[in-house]
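# Results of the structural survey
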Amino acid sequence: MSKYLLNKFLYTIDRDPELVERYREDAAGTVSWWEQELANEILNCHTGERSTWLSFTDEERRALREHDHVALFGLGAHPFLTLTLFIAMFERDHGPLEYQKAYGRALQHLSLPYPDIAT
Amino acid sequence: MATVAAVIASTHHPFYYRASTATGADRPPFADEWVAKIEAFRETLTKARPDILVMVGSDHFHQLWLDNMPQFLVGKAPYFDANWYNEEREFGLPRMRLAGDEQLAGHILRNGLDAGFDLAFSNELRIDHSITCPIITLRPDADLPIVPIYTNIFAPPLPRPGRFVELGRTIRQLVESWPSDKRVAIIGTGHLSLELGGPRQFGAHGPDPEFDRKAVEWIARGDVDGCLSEVTLDSLHEPGNATHGFMDFMLMMGVAGAGAKADHVDSLDLFHTMEAYFTWYPNGVPA
């Protein structure tokens, strides 16, 4: 399991307006492309140098491909990253704060302690 | 030596800018009360007549990332660009540029290292809403040079609460030992109880009003020991999953000093979170 890699996906998508739209419209295709091309890119570093060992587990890949923010929470993805990106993708389809409230309701079955987010 | 003209601790609510500038049907019903409280808070900084602002905040995964994460970082640069695409997108925050004070930043870095804090530094730092929100609320002209100090309240493992208090005490000593005739305000922002991305987010109030009530008491009375006796890295999960941002308030209690009663205390119970505003004048209330 790689909470770090989940976070890296959310982080790199969220900061690129084109990737936000691409992930919204084609989640499965974007996840496959990203894992192939960007998962091992070392950020803020010499270009051309790559890591050699980063990949998603099946459950992580499924959660990202299905926009399953509840599963991402359960996997320990950083809740701020998930929330920020999902608001960017889906708030537009709802009235003011409707999406944020529904997002919280979808997690109502959870109680403390929440999944550990330490990476 | 430099004078600490004011010590200010505040929440940093990214919705303020949009709420306060909205008009007509877009203006939320709580905007007028919020603006009135902010304008009173702003006056507490204005009358301290600061020359420089030391700004304590926390990067929200903008420039600082998990492949290279500092616990405490000082920005030392002539300028700081500010706010990011995703803050513009979600909160409507404007792009800004603030001047830096490299002399004071260098003094804090050199002497902070010597005082036992292995501070990271950045010579090219784009700051985010943890620092621009208090600029917007407290100094909207953005006309003073700043020294940004980032803390990690966001990506565990985090420093413990006591370390934040100690860093606050040290920042106060470092500013007061700076050979300068400048008046420095030390401003830091954090959170009371807060939940982001979890089941308790965006409720009618903050996720834990009882924690908020106690927190305001601790801060207003300068009750560092009482606060430290109850607040741990583990306990901060209880009031809400983003409540570790309260440690920046604890840092500011360290700056203000144990037992220092705040000269200005205000709060505003909003949906989602409670706002709270504190000002201390270590050298007396300005005329």
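Up top you'll find the structure we're talking about.
What comes next is a walk through the structure. Because the structure is a prediction, the values reported are computed rather than measured. (Residues numbered from 1 in each chain as written. Chains lettered and ligands numbered in written order. Predicted model: local features only at pLDDT ≥ 70, side-chain atom pairs only at ≥ 80, totals over all residues. Heavy atoms only, no water.)

### Some points on the overall build of chain A
Put simply, the test is: Starting at the N terminus, helices and strands are each numbered in turn, a helix being any DSSP run of H or I of at least four residues and a strand any DSSP run of E of at least two. For the radius of gyration, the atom set is restricted to C-alpha positions; the globular benchmark scales as 2.2 Å times the number of residues to the power 0.38. Relative accessibility thresholds used throughout: buried, under 20% of the residue-type maximum; exposed, over 50%; partly exposed, between the two (1.4 Å probe, protein chains only). Residues scored as charged are limited to Lys and Arg (positive) and Asp and Glu (negative), so that His and the chain ends carry no count. Charged groups are reduced to one reference atom each: NZ for lysine, CZ for arginine, CG for aspartic acid, CD for glutamic acid.
Across its full length, chain A carries seven helices and zero strands. Helices (α) and strands (β) of chain A occur, in sequence order from the N terminus, as α-α-α-α-α-α-α. Whereas a compact globule of 119 residues would reach a radius of gyration of roughly 14 Å, chain A reaches 15 Å, a difference of no more than 12%. Of all 119 residues assigned to chain A, the portion counted as buried reaches 50%. The distance from the centre of the 12 positive side-chain charges to the centre of the 19 negative ones in chain A is 2 Å.

### Some words on the overall build of chain B
Note the cut-off: Any pair of residues with heavy atoms lying within 4.5 Å of one another is described as a contacting pair. For the area figures, the Shrake-Rupley method with a 1.4 Å probe applies, and any residue is considered shielded solely by the protein chains shown.
Helix and strand counts for chain B come out as nine helices and 10 strands. For a compact globule of 287 residues, the expected C-alpha radius of gyration is about 19 Å, and chain B comes in at 17 Å, within 12% of that figure. In terms of overall dimensions, chain B has C-alpha extents of about 50 × 45 × 40 Å along its principal axes. Taking all 287 residues of chain B together, 61% fall into the buried category. By sequence separation, contacts in chain B at least 24 residues apart represent 79% of the contacts at least 6 residues apart. Here chain B displays about 10,700 Å² of accessible surface, and carbon together with sulfur accounts for 48% of that area.

### Brief notes about the pairing of strand β10 (residues 274-280) of chain B
Residues and elements named next belong to chain B. The criterion, for reference: Should DSSP find at least two bridges between two strands, the strands are regarded as paired.
Buried residues dominate β10, accounting for seven of its seven residues. Side-chain alternation along β10 places Met274, Ala276, Phe278 and Trp280 on one buried face and Glu275, Tyr277 and Thr279 on a second face that is also buried. Pairing between strand β1 (residues 3-11) and β10: four bridges, direction antiparallel. Its bridge partner being in β10, serine 10 is matched across the sheet by tyrosine 277. Hairpin connection between strand β9 (residues 264-269) and β10: a loop of four residues separates the two successive antiparallel strands, and histidine 272 in this loop has a positive phi of roughly 85°.

### Thoughts on the packing of helix α1 (residues 3-14) of chain A against helix α3 (residues 27-37) of chain A
Residues and elements named next belong to chain A. Here is the rule we go by: Each axis is a line fitted through C-alpha atoms, taken for helices only over the stretch in contact, and angles between the N-to-C directions span 0 to 180 degrees. Just so you know how the angles are binned, under 35 degrees is roughly parallel, over 145 roughly antiparallel, 65 to 115 roughly perpendicular, and the rest oblique. By the definition used in this description, the sense in which the near helix is turned from the far one sets the handedness, with an anticlockwise turn below a right angle giving left-handed and a clockwise turn giving right-handed. In this count, Pro and Cys sit with the nonpolar residues alongside Ala, Val, Leu, Ile, Met, Phe, Trp and Tyr, while Asp, Glu, Lys and Arg are called charged and the others, Gly among them, polar.
Interhelical geometry of α1 versus α3 gives an angle of 110° and a closest axis separation of 12 Å. As far as their axial angle goes, α3 and α1 are roughly perpendicular. Between α1 and α3 lies a crossing of right-handed hand. Together, Leu5, Lys8, Phe9, Thr12 and Ile13 of α1 and Thr30, Val31 and Trp34 of α3 make up the contact between the two elements. Broken down by class, the residue content of the contact of α1 with α3 amounts to five nonpolar, two polar and one charged.

### A word on unusual backbone geometry
Residues and elements named next belong to chain A. The omega torsion of the bond from leucine 112 to proline 113 falls at -5°, within 30 degrees of zero and hence cis. The residue proline 113 is located in the segment after α7 (98-105) in this model. In the Ramachandran plot, asparagine 44 falls in the positive-phi region, its phi being about 55° despite a non-glycine side chain. Within the fold, asparagine 44 resides in the loop between α3 and α4 (58-65).

### Details of the packing of helix α6 (residues 79-90) of chain A against α7(A)
Residue and element names in this part refer to chain A. Contact pair α6 / α7: the axes reach a minimum separation of 10 Å and the direction vectors enclose 135°. One way to sum up the angle between α6 and α7 is to call them oblique. Where α6 crosses over α7, the handedness of that crossing is right-handed. Across from Thr82, Leu83, Phe86, Ile87 and Phe90 in α6, the residues of α7 making contact are Tyr99, Gln100 and Tyr103. Residue composition of the contact of α6 with α7, by class: six nonpolar, two polar and no charged.

### Section: the side chain of A:Asn7
By the secondary structure assignment, A:Asn7 is in helix α1. Those residues in contact with A:Asn7 that lie beyond four places of it in its chain are A:Ala77, A:His78, A:Leu81, A:Thr119, B:Trp65 and B:Leu66.

### Side note on the sheet that holds strand β7 (residues 146-151) of chain B
All names here are of chain B. An order of β6-β3-β7-β2-β8-β1-β10-β9 is seen for the eight strands of this open sheet, with the pairing classed as mixed. Every interior strand has two partners, whereas the edge strands, β6 (120-122) and β9, have only one. Taking the axes of each pair of neighbouring strands and ignoring which way they run, one obtains an average angle of 15° across the sheet. Of the pairings in the sheet, the one linking β9 to β10 comprises six bridges and is antiparallel in character. Directly across from valine 265, in β10, lies its bridge partner phenylalanine 278. The strands touched by helix α5 (residues 129-138) within the sheet are β1, β2 (52-57), β7 and β8 (183-190), with β2 carrying the most contacts at an inclination of about 135°. The sheet contacts of helix α9 (residues 246-256) involve β1, β2, β7, β8 and β10, and relative to β1 the element is tilted by about 160°.

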